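The chain contents come next:
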Amino acid sequence: ILHGDLCSEHVLLDADLGLRVLDYGLRRAVRGSGVDVASDPGTLSKLVGEPAYMAPEQLRGGNPTVQSDLFSAAHLCVEMLVGAPLLGMKSKLAIVASQVSKEPFQLPQSGVPDGLRSFLTHALQKDPSRRYQNAAECIGALDMLANWEQSSPELESGATRMIEIARPITDGAP
């Protein structure tokens, strides 16, 4: 199931520290909206969703895809790790400019374990063909990272915890 507007406001942490994704209703509004904020900043008021978490192709008027939801999930992961959104408190227009620019994201130096840094860098690629292509590929990368962490006890166990959180959400997902 595609969400299309995955952001911190649509994710809750339950008593068992599991994530609950909410508000799938916006997905219909986002799909096929054709609002191209990247080319015409004047359409920003017509945009449905939170640009700080939207993939560049969505901001260019494209439909949500598995890759765009994984891109949004990576933004959420960074926010959970460092306690602040990746793009900070910029204006919506500045956020759109940052999302659609060709410049890669610079992850914060503190708060992101080294192993997860490569995982998140891959998930946050601006070109959707360079991101994880589906949930199984994404979880597979986290599984490999968790296995590597288990063989190196001095490393932080960020991937292991992310798998524990993500697996219930992605079970059965393509």
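(A) Representation of the overall build of the protein within the structure. Looking only at helices and strands, the protein features seven helices and two strands. What you see in the protein, going N to C, is helices and strands ordered as β-β-α-α-α-α-α-α-α. Relative to its full complement of 174 residues, the protein shows a buried share of 44%. At a minimum sequence separation of 6, the contacts of the protein that also span at least 24 residues come to 55%. Roughly 9100 Å² of accessible area belongs to the protein as shown, and the carbon and sulfur atoms make up 55% of that amount.

(B) Structural view of helix H4 (residues 92-100). Among the residues of H4, those classed as buried are Ile95, Val96, Ser98, Gln99 and Val100. Contacts from the buried residues of H4 go to helix H2 (56-59) and helix H3 (66-82).

(C) Inspection of the packing of aromatic side chains at higher detail. What the rule picks out here adds up to two aromatic pairs. On the numbers, 6.0 Å between centres and 50° between planes, the contact of Phe71 with Phe105 is tilted. With Phe71 in helix H3 and Phe105 in the loop between H4 and helix H5 (114-123), this pair connects stretches of sequence that are 34 residues apart. Judged on exposure class, the residue Phe71 and its partner Phe105 are both buried.

(D) The nonpolar core, seen in detail. Among the nonpolar cores identified, the biggest contains 30 residues, and Leu107, Phe119, Leu120, Leu124 and Tyr132 are the most heavily contacted of them. Elements that contribute at least two residues to this core include exactly H3, H5 and helix H6 (135-151). At six residues, H3 tops the list of elements feeding residues into this core. Counting seven residues, the second largest nonpolar core, distinct from the first, contains Val35, Val37, Met54 and Val100.

(E) Quick look at the confidence of the model for the protein. Averaged over the protein, the pLDDT score is 78; the fraction of residues at 70 or greater is 77%. Ranking the elements of the protein by mean pLDDT puts helix H1 (residues 25-30) last with 49 and H2 first with 91. Note that residues 27-32 has pLDDT below 50 and, in this model, twelve contacts with residues that lie over four places away or in other chains.

(F) View of empty space enclosed by the protein. Evaluated as defined, the whole model comprises two cavities of 30 Å³ or more. Quantified by volume, the largest cavity comes out at close to 60 Å³. If you trace the largest cavity, you find it lined by Pro104, Phe105, Leu107, Thr121, Leu124 and Gln125. Among the residues forming the lining of the largest cavity, the class breakdown is four nonpolar, two polar and no charged. Of the volumes computed, that of the second largest cavity is approximately 30 Å³. Split by residue class, the lining of the second largest cavity holds five nonpolar, one polar and one charged.

(G) Inspection of the layout of surface pockets at higher detail. Taken as a whole, the second largest pocket spans an internal volume of roughly 170 Å³. What lines the second largest pocket is a set of 13 residues, among which Glu50, Ala52, Tyr53, Pro85 and Gly88 lie closest to the centre.

Cut-offs used in this document
- Residues numbered from 1 in each chain as written.
- Predicted model: local features only at pLDDT ≥ 70, side-chain atom pairs only at ≥ 80, totals over all residues.
- Heavy atoms only, no water.
- Helix = DSSP H or I, 4+ residues; strand = E, 2+ residues; numbered from the N terminus.
- Buried < 20%, exposed > 50% of the residue type's maximum accessible area, 1.4 Å probe, protein only.
- Contact = heavy atoms within 4.5 Å.
- Areas by Shrake-Rupley, 256 points an atom, 1.4 Å probe, with all protein chains shown as cover.
- Phe/Tyr/Trp six-rings, centres within 6.5 Å; stacked < 30°, edge-to-face > 60°.
- Core = buried A, V, L, I, M, F, W, Y, C linked by side-chain atoms within 4.5 Å.
- pLDDT = per-residue confidence, 0-100.
- 1 Å grid on protein atoms, 1.4 Å probe; cavity = no way out; pocket = protein on both sides within 12 Å on 5 of 7 lines; lining within 4 Å.
- Points joined across faces, edges and corners; volume = space filled by probe spheres on them.
- Nonpolar A, V, L, I, M, F, W, Y, C, P; charged D, E, K, R; others polar.

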